[in-house]
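For reference, the chains in residue letters:
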Amino acid sequence: IRENPMELYHRDFGELLGNFMVWYLRKMLKKMDIITSPSFALKDSLKIDMNIDSIAVPNGIDQRVFFPMKRKKELREKLSLPLNQKIFISVGRVVNSKNYNFLCEVWSKSITNSSLIILGKGELLNKLREKYRNMFPNIIFFGEKNNVAEYLNAADYYVSSSLTEGLPNSVLEALATGLPVLLSNIPAHKEFFNNGFDIGNLYKNNDAEDFLNNYNTLLQKEYSTLSSNCISLVNKYYTAKKNAEEYEKIYFKILTK
């Protein structure tokens, strides 16, 4: 289970149909041998919200694709990105659950010394792109790209305003690239910080003042230390190899019953 069905179905289908879908899913899950979730935060919420027991197997990142390329200037020139500004990047579907309305509103009103670039497609893409295209050139929507690793390596920081996540691969990809993060304080994001590495800052969801305070604090931190911590965190907990080994244990557990 990649995301909390209670939140997902209610958000996408409304309360009435969402409740039916949750009921039916719970009925189907009773027939499963083992259920997995991509984070300990989701494991806990599944138990609390739906009385579903699952095994947490954190997502893993392919570090052959996402790694520090160490050619930022070259990539910025290639991708036509600002050369002399800090760049914050966010990657994900441009939909309500990613809360880009909040992020762009804060950026447009209060941040002039950094650029925000957003990669991804979705139902709100054209609306937000048109709203910010002319008056706020430091907010750039690029749509969907197949060279995300290059954009991450051209950026300085990763930012997320998500309202809900399982365990976001986009954040893991940024961490593997060495990007310090500025994340909303949802449970899935907090989980990254619970491992003892200083990888950036959390801010109170939908709180513009707290966002700006943490944005400014983040810029004051020692960048090289944060970047090194991000890579160390991924190496220790979130590699594709570790993820595969955990699933292998689960498969053998089922086969030897």
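How each quantity is defined
Residues numbered from 1 in each chain as written. Predicted model: local features only at pLDDT ≥ 70, side-chain atom pairs only at ≥ 80, totals over all residues. Heavy atoms only, no water. Polar contact = N/O pair within 3.5 Å; in protein donor to acceptor, adjacent residues only side chain to side chain. Helix = DSSP H or I, 4+ residues; strand = E, 2+ residues; numbered from the N terminus. Pairing = 2+ DSSP bridges. Axes fitted to C-alpha atoms, helices over the stretch in contact; angles between N-to-C directions. Phe/Tyr/Trp six-rings, centres within 6.5 Å; stacked < 30°, edge-to-face > 60°. Buried < 20%, exposed > 50% of the residue type's maximum accessible area, 1.4 Å probe, protein only. Parallel < 35°, antiparallel > 145°, perpendicular 65-115°, else oblique. Left-handed = near helix turned anticlockwise from the far one by under 90°. Contact = heavy atoms within 4.5 Å. Nonpolar A, V, L, I, M, F, W, Y, C, P; charged D, E, K, R; others polar.

Colleague: When you look at helix α1 (residues 5-13) in this model, what are you seeing that I'm missing?
Modeller: A turn of α-helix holds 3.6 residues, and therefore any two residues three or four places apart point the same way. Put simply, Asn 4 is the residue that caps the front of α1, since its side-chain oxygen is 2.9 Å from the backbone nitrogen of Met 6. Downstream of α1 by one or two residues, Gly 14 has phi in the positive range, about 85°.

Colleague: Looking at this model, I keep getting lost on the sheet that holds strand β8 (residues 200-203). Mind explaining?
Modeller: Consider a sheet: its strands pair through backbone hydrogen bonds, and that pairing is either parallel or antiparallel. Taken together, the six strands give an open sheet; going across it, the order is β5-β4-β3-β6-β7-β8, and neighbouring strands pair in parallel fashion. The two strands at the open ends of the sheet, each matched to only one other strand, are β5 (139-143) and β8. Strand-to-strand twist across the sheet, computed as the mean angle between neighbouring axes with direction ignored, equals 20°. In this sheet, strand β7 (residues 181-184) lies alongside strand β6 (residues 157-160) in parallel orientation, the contact comprising three bridges. Its bridge partner being in β7, Val 159 is matched across the sheet by Leu 182.

Colleague: I tried to follow the packing of aromatic side chains on my own but got confused; where do I start?
Modeller: Both the distance between ring centres and the angle between the ring planes are used here to describe each pair of aromatic rings. One pass over the structure, following the stated rule, counts 18 aromatic pairs. Their ring planes at 75° and their centres at 5.8 Å tell us that Trp 107 and Tyr 215 sit as a pair that is edge-to-face. On the criterion of sequence distance, the pair formed by Trp 107 in helix α5 (residues 100-110) and Tyr 215 in helix α10 (residues 208-220) is long-range, its members being 108 residues apart. We note that Trp 107, like Tyr 215, is buried. What links up through ring pairs into an aromatic cluster is the set Phe 88, Phe 102, Trp 107, Tyr 157, Tyr 203, Phe 211, Tyr 215 and Tyr 223.

Colleague: I would appreciate a short explanation of the packing of α5 against α10 in the present structure.
Modeller: To characterise two packed helices, one gives the angle between the axes of the helices and the distance between these axes. Here α5 crosses α10 at 65°, and the two axes come no closer than 11 Å. The angle between the axes of α5 and α10 places the two elements in the roughly perpendicular class. Where α5 crosses over α10, the handedness of that crossing is right-handed. On α10, the residues that touch Phe 102, Leu 103, Val 106, Trp 107 and Ser 110 of α5 are Ala 208, Phe 211, Leu 212 and Tyr 215. Of the residues assigned to the contact of α5 with α10, the class counts are eight nonpolar, one polar and no charged.

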